[in-house]
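Commentary on secondary and tertiary structure
Here is what each chain is made of, one letter per residue.
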Amino acid sequence: MKAGIVGLPNVGKSTLFNCLSNAKAQSANFPFCTIEPNIGVVNVPDPRINKLEELVKPERVQMATVDIVDIAGLVKGASKGEGLGNQFLGNIRECNAIIHVLRCFDNDNIVHVDGNVNPIRDKETIDIELQLKDLETVEKRLEKVNRAAKTGNKEAQTEKALLDRIREALLQAKSARTVSPQNNDEEVLMETFQLITTKPVLYVCNVDESSAVNGNKYVDQVRELVKDEDAEVIILSVGAEADITELESYEERQVFLEDMGLTEPGASVLIRAAYKLLKQQTYFTAGVKEVRAWTINIGATAPQAAGVIHTDFEKGFIRAEVISYEDYVQYGSEAKAKEAGKFKVEGKEYIVKDGDVMHFRFNV
């Protein structure tokens, strides 16, 4: 599962990507410096794994990760191939969620491709390009399906009805995610269309350091604009975050954060939000060899969770032994949690909860 960072050129995408992944994508003050998408595998900050490490004292610790993709800056006309349009749109289609970076700071030394700072216009520029590309996809698909629908093919008629609704929304400059599937068939169809504007989105307002805690007038404008979108807005001073990652010690970083009025780096907040946006959650395995966070989809069953460790675990699944994270921490060890009756044995139907500490029994 991948989240793609998008935005106009020079809004801070590559600098943000570097903060998140510490992989130094070329971050230059001119458009199109990120041509090949840079992919960073980023640890998901989770204080629970630190607590388990403290209790279990394992030989090693492995955190959950999320893939973040830095995608080239998009410009007006991208849907028709302007700038790096076609490449950009292909890269974004391969992502499962979108992190949309908006410039919400004034700085005469950093050029804006449209001349002045206006996050509302910038958001609309990107939205329109993505919507136009989706409209092209929908209209091509309608050409094929219309013929079959006229012959009385029920499946084609269902598809046509959904495509017509999506087309209408796109023509009104609304994203495809505003069209709700009305039944299971439509849900499945919606996924097969692979439309860019159905992907969940998270907005990052890149502000100056003095606005990192409370935001500014630009952030207020963005919040007002997206209030009906069911999307999270995160305030981040990407320049300050870049400075934080350059500091050598944890203590230095904490002092810097305190001076800014923050308790943790904004990058940590963003990574967790991206993880949630991808509908991911974590379960743990905890033993003296290793304490590890495993990533699963929200709603995964115990055998599916076991399969993330190894496919044999899923094929030969017998049962899962489960202690909730809260109980594990409260009693301080697996043995004490068992004594207190907090150790559960679950079968194939069990839906794994975020933070479960698990062992699997399997037979291959």
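Note that residues are indexed from 1 along each chain, following the sequence as it is written. For this predicted model, a pLDDT threshold of at least 70 governs which residues receive local features, and a threshold of 80 or more governs which side-chain atom pairs are given and counted, while totals over whole chains, interfaces and linings are taken from all residues. Excluding hydrogens and water, the side-chain figures rest on all heavy atoms present in the structure.

**Focus: the confidence of the model for the protein chain**
Confidence scores labelled pLDDT are given residue by residue by the predictor and lie between 0 and 100. Chain-level statistics for the protein chain give a pLDDT mean of 87 and a share of 90% at 70 or above. Within the protein chain, no element has a lower average pLDDT than helix H3 (residues 85-93), which sits at 71, and none a higher one than helix H13 (residues 325-331), at 97. Whether two residues are in contact is decided by their heavy atoms, any of which lying within 4.5 Å being enough. Below pLDDT 50 for its whole length, residues 23-35 participates in 38 contacts with residues either more than four positions away or in separate chains. Each helix corresponds to a stretch of at least 4 residues labelled H or I by DSSP, and each strand to a stretch of at least 2 residues labelled E; elements are numbered beginning at the N terminus.

**Points about the sheet that holds strand E1 (residues 2-6)**
Criterion used throughout: strands pair if DSSP finds at least two bridges between them. Taken together, 6 strands build an open sheet; the order of strands is E2-E4-E1-E5-E6-E7 and the sheet is mixed. In this open sheet, the two strands that pair with only one neighbour each are strand E2 (38-43) and strand E7 (233-236). Averaged over neighbouring strand pairs, the angle between their axes works out to 25° when direction is ignored. Relative to strand E5 (residues 97-103), E1 runs parallel, the two being bridged by 4 bridges. Bridge pairing in E5 links Gly4 to Ile98. For helices, the axis comes from a line fit to the C-alpha atoms of the stretch in contact; other axes are also lines fit to C-alpha atoms, and the angle between any two N-to-C directions lies between 0 and 180 degrees.

**A word on the nonpolar core**
Among the buried residues, those of types Ala, Val, Leu, Ile, Met, Phe, Trp, Tyr and Cys that are joined through side-chain atoms within 4.5 Å form a nonpolar core. Burial classes: relative accessible area under 20% of the type maximum marks a residue as buried, over 50% as exposed, and values in between as partly exposed (1.4 Å probe, protein chains only). With 64 residues, the main nonpolar core has Leu16, Leu20, Ile68, Ile99 and Leu270 as its most contacted residues. For this core, the element with the most residues is helix H10 (residues 266-277), which contributes 7 residues. Looking at which domains feed residues into this core, each of domain 1 (2-45 + 64-117 + 199-277) and domain 3 (299-362) supplies at least three. Leaving out residues up to four positions away in the same chain, Leu270 has contacts with Leu16, Leu20, Ile99, Leu202, Val204, Ile234 and Leu236. Domain limits in this description derive from either an automatic procedure or a database domain assignment.

**Digging into the packing of helix H1 (residues 13-21) against helix H8 (residues 238-246)**
Contact geometry of H1 with H8 gives a least axis separation of 9 Å together with a crossing angle of 35°. Where H1 crosses over H8, the two elements pack in a sense that is left-handed. Of H8, the residues touching H1 (which contributes Thr15, Leu16 and Cys19) are Val238, Glu241, Ala242 and Thr245. Classification convention: Asp, Glu, Lys, Arg as charged; Ala, Val, Leu, Ile, Met, Phe, Trp, Tyr, Cys, Pro as nonpolar; all other residues, Gly among them, as polar. A breakdown of the residues in the contact of H1 with H8 according to their chemical character gives 4 nonpolar, 2 polar and 1 charged. Crossing handedness is defined as follows: a turn of the near helix away from the far one that is anticlockwise and smaller than a right angle gives a left-handed crossing, while the clockwise case is right-handed.

**With respect to the UniProt feature "domain: TGS" (unreviewed entry) in the protein chain**
UniProt positions are given in the numbering used here, feature names are shortened, and annotations may be inferred rather than shown by experiment. UniProt's feature table lists "domain: TGS" (unreviewed entry) at residues 279-362, given in the numbering used throughout. Here residues 279-362 is 31% helix and 37% strand, with 27 Å between the C-alpha atoms at its ends.

**Comments concerning the UniProt feature "binding site: ATP" (unreviewed entry) in the protein chain**
Taking the UniProt record as the reference, the feature "binding site: ATP" (unreviewed entry) is found at Asn10, Val11, Gly12, Lys13, Ser14 and Thr15. Within the secondary structure, Asn10 is located in the loop between E1 and H1. Of the residues examined, Asn10 reaches a relative accessible area of 14% and is grouped as buried. Mapped onto the elements, Thr15 comes out in helix H1.

**Digging into H1**
Among the 9 residues in H1, 8 count as buried, and that is most of the element. Those residues of H1 not exposed but buried are Lys13, Ser14, Leu16, Phe17, Asn18, Cys19, Leu20 and Ser21.

**Thoughts on the environment of Ser333**
Structurally, Ser333 can be placed in the loop between H13 and helix H14 (334-339). With 281 residues separating them in the primary sequence, Ser333 and Leu52 have C-alpha atoms 9.2 Å apart. Only 3.1 Å separates the side chain of Ser333 from the backbone nitrogen of Lys336, close enough to count as a polar contact. N or O atoms closer than or at 3.5 Å make up a polar contact, with two conditions inside protein: a donor-capable atom paired with an acceptor-capable one, and, for residues adjacent in sequence, both atoms drawn from side chains.

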